[in-house]
Amino acid sequence: MADKPETPESKPAQAQPETAARQRVEVEDKDAVCLYANFCRVTGTPEELILDFGLNSQPYGVPTEPVQVKQRIVTNYFTAKRMLQALHLSVQRHEQAFGVLETDVQKRVVKQQN
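Cut-off values and rules
- Residues numbered from 1 in each chain as written.
- Predicted model: local features only at pLDDT ≥ 70, side-chain atom pairs only at ≥ 80, totals over all residues.
- Heavy atoms only, no water.
- Helix = DSSP H or I, 4+ residues; strand = E, 2+ residues; numbered from the N terminus.
- Buried < 20%, exposed > 50% of the residue type's maximum accessible area, 1.4 Å probe, protein only.
- Contact = heavy atoms within 4.5 Å.
- Salt bridge = Lys/Arg side-chain N within 4 Å of Asp/Glu carboxyl O.

Undergrad: Break down the overall build of the chain for me, citing the residues and quoting the values.
TA: What the chain contains, in helices and strands, is two helices and three strands. Sequence-ordered secondary structure for the chain, helices as α and strands as β, is β-β-β-α-α. Counting only residues that meet the buried cut, the chain has 8% of its 114 residues in that class. Considering only residue pairs separated by 6 or more positions, the chain has 30% of its internal contacts joining residues 24 or more positions apart.

Right, here's the structure in full:
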């Protein structure tokens, strides 16, 4: 009886060397625009994720003036997932160094004594 020919699906997976060097991506940011945002809205379609950023001049309660979106990033979900992992790691490192970040503004407010 003859052996079945090997196909890509039937070949055993070859282990990647654990010491494989990570490739570095060269980035040029001399023309990058740096803007501040304290507001983010996330929407999307089945194919893309849309991130709108702006400045909320009334950070407490519901703003009475509209928040003007000044920046928009449209990306695919694969890139969004990699961004999520990178942001999570960055926040985790920050909290390890400086303490937990409380996102509930009411819990951060220091009550003043009369």
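Undergrad: Describe the pattern of salt bridges, and please don't skip the residues or the numbers.
TA: Oppositely charged side chains are able to pair whenever their charged atoms sit close together. Applying the stated rule across the entire model yields three salt bridges. A salt bridge links Lys 30 to Glu 28, with the shortest nitrogen-to-oxygen separation between them at 4.0 Å. Residue Lys 30 shares its accessibility class with Glu 28, and that shared class is exposed. Linking Arg 72 and Asp 52 is a salt bridge whose minimum nitrogen-to-oxygen distance equals 2.4 Å. Of this pair, Arg 72 sits in strand β3 (residues 68-76) while Asp 52 sits in strand β2 (residues 48-55), placing them 20 residues apart in sequence. Through salt bridges that share partners, Arg 41, Asp 52 and Arg 72 make up one connected network.

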